[in-house]
Amino acid sequence: MTVTVRVPAKVNVQLAVGAARPDGFHDLANVFLAVGLFDEVTATPSDELRITCEGPDAAEVPLDRTNLAARAALTLAERHGVPPAVHLHIAKDIPVAGGMAGGSADAAGALVACDALWGTGASYGELLDICAELGSDVPFSMVGGAALGTGRGDRLRPLAVGGVFHWVFAVADGGLSTPAVYREFDRLNEGVTVPEPAASQDLLDALAKGDAHALGATLANDLQPAALSLFPSLADTLAVGRAAGALGALVSGSGPTTAFLTADAESATTVASSLLASGTCRAVRVALGPVAGATMV
Ligand code: C5P
């Protein structure tokens, strides 16, 4: 038996970040949107836990137990007293270390695939709990659509979305470490009173109406100054996309992928071509959102 699960990437249309908590994490108001770039995780019975990966960035993906997909399988196996005897193959299309939750997507995919393969029968709620244990973005990878994440970003409230949005993503040459970007956020905010993170009502209204112009005007990422500080050339990428007609542009999550919201498919093509021609990024991807979360195929 083989189980394949398809899991989307995400972009944070708003990422409001509070002050560092005593545990080192930050409270967030994190408005997630799942977008149509997908990893596929295939689970097949095996003598022992084994991870393989294919795709343009496969060489950068760890194949040992530090891979979040491996940790997902191990956690589920331990909870249910079954051996973690599975080969997980990841067909990777989501940029690696890009701020698009690719690692989290693989974890959610592995969890759903192993649950089906092993007949674990875990409830949706238990799977969500395991996701939250694995990482702040993992629950959203499983749920998909659009959601407001609070706490570490793992407590989700589904959001209504009144349309489909056209996105262009510029993949940077290199990655950024999420903890490093949060540390830079703390450094830049030293001595500053950081307000409690809150979702913007204008942004939630824009999502609910499917109004791309209004959404473009309200996109916001509190980690962006920190990402730009560590990766200054991202400012050039953002400027190119804006000049080419994007309705809004921002760093995706902790970066370094940059995201451009466009009015329609035609404008997305124009923005994508300008970004590619500018030489300010390594690759360009076009995608629609929202899309469903982890889905068996
Ligand atoms: O939860 P996850 O393992 O994805 O988080 C990775 C790192 O990002 C954490 O170790 C922490 O440094 C930072 N983080 C944070 N606040 C959050 C989420 C992540 O400081 N809400």
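Residues numbered from 1 in each chain as written. Predicted model: local features only at pLDDT ≥ 70, side-chain atom pairs only at ≥ 80, totals over all residues. Heavy atoms only, no water.

## A look at the pattern of salt bridges
This structure, assessed with the given rule, holds 12 salt bridges. D106 serves as the salt-bridge partner of K92, at 3.2 Å between the closest nitrogen and oxygen. Residue K92 is located in the loop between β4 (86–91) and α2 (102–118), and its partner D106 is located in helix α2; the two are separated by 14 residues in the primary sequence. For the pair K92 and D106, one class covers both residues: buried. Note that D93 and R285 form a salt bridge whose closest N and O atoms lie 2.8 Å from each other. In this pair, D93 is assigned in the loop between β4 and α2 and R285 in strand β11 (residues 283–289), connecting sequence segments 192 residues apart. Its relative accessible area of 25% is what places R285 among the partly exposed residues. Through salt bridges that share partners, R21, D23 and D27 make up one connected network. (Salt bridge = Lys/Arg side-chain N within 4 Å of Asp/Glu carboxyl O. Helix = DSSP H or I, 4+ residues; strand = E, 2+ residues; numbered from the N terminus. Buried < 20%, exposed > 50% of the residue type's maximum accessible area, 1.4 Å probe, protein only.)

## Quick word on the domain arrangement of the protein
For the protein, the assigned domains are domain 1 (3–159) and domain 2 (165–289). If you average the C-alpha positions of domain 1 and of domain 2, the two centres end up 22 Å apart. Residue-level contacts link 31 residues of domain 1 with 38 residues of domain 2. Between domain 1 and domain 2, roughly 2,600 Å² of surface is buried when both sides are summed, and carbon and sulfur atoms account for 63% of that area. Our count for the domain 1 to domain 2 interface comes out at 2 salt bridges. (Domains from an automatic or database assignment. Contact = heavy atoms within 4.5 Å. Buried area = accessible area lost by both parts, 1.4 Å probe.)

## Description of the environment of W118
Looking at where W118 falls in the secondary structure, it is placed in helix α2. Assessed through its relative accessible area of 19%, W118 is described here as buried. A C-alpha to C-alpha distance of 15 Å links W118 and A108, two positions 10 residues apart in sequence. Sequence-distant contacts of W118, defined by excluding residues within four places in its chain, comprise A73, L76, A77, V82, P83, P84, A85 and V86.

## Thoughts on the layout of surface pockets
Looking at the largest pocket, its volume works out to about 1,000 Å³. For the largest pocket, the lining is made up of 42 residues, of which S104, D137, T178, P179 and S254 are closest to its centre. Of all the secondary-structure elements, those providing two or more residues to the lining of the largest pocket are β1 (3–20), β2 (26–45), α1 (68–80), α2 and α5 (178–188). Each residue belonging to the lining of the largest pocket can be placed in one class, and the counts come to 18 nonpolar, 17 polar and 7 charged. Looking at the lining of the largest pocket, you find at least three residues from each of domain 1 (3–159) and domain 2 (165–289). (1 Å grid on protein atoms, 1.4 Å probe; cavity = no way out; pocket = protein on both sides within 12 Å on 5 of 7 lines; lining within 4 Å. Points joined across faces, edges and corners; volume = space filled by probe spheres on them. Nonpolar A, V, L, I, M, F, W, Y, C, P; charged D, E, K, R; others polar.)

## A closer look at the packing of aromatic side chains
According to the stated counting rule, one finds 2 aromatic pairs in the structure shown. A centroid spacing of 4.6 Å and a plane angle of 5 degrees characterise the contact between F32 and F140, whose relative ring orientation is stacked. With a gap of 108 residues between them, F32 in strand β2 and F140 in helix α4 (residues 138–143) connect regions that are remote in the sequence. You can call F140 buried: its relative accessible area is 2%. Residues W167 and F169 carry aromatic rings whose centres are separated by 6.1 Å and whose planes lie at 15 degrees to one another, so their mutual orientation is stacked. Its end group placed over the ring of F38, R6 keeps NZ or CZ at 3.8 Å from the ring centre. Positioned above the aromatic ring of F25 is the side chain of R152, whose terminal nitrogen or guanidinium carbon lies 5.0 Å from the ring centre. (Phe/Tyr/Trp six-rings, centres within 6.5 Å; stacked < 30°, edge-to-face > 60°. Lys NZ or Arg CZ within 6 Å of the ring centre and 35° of its normal.)

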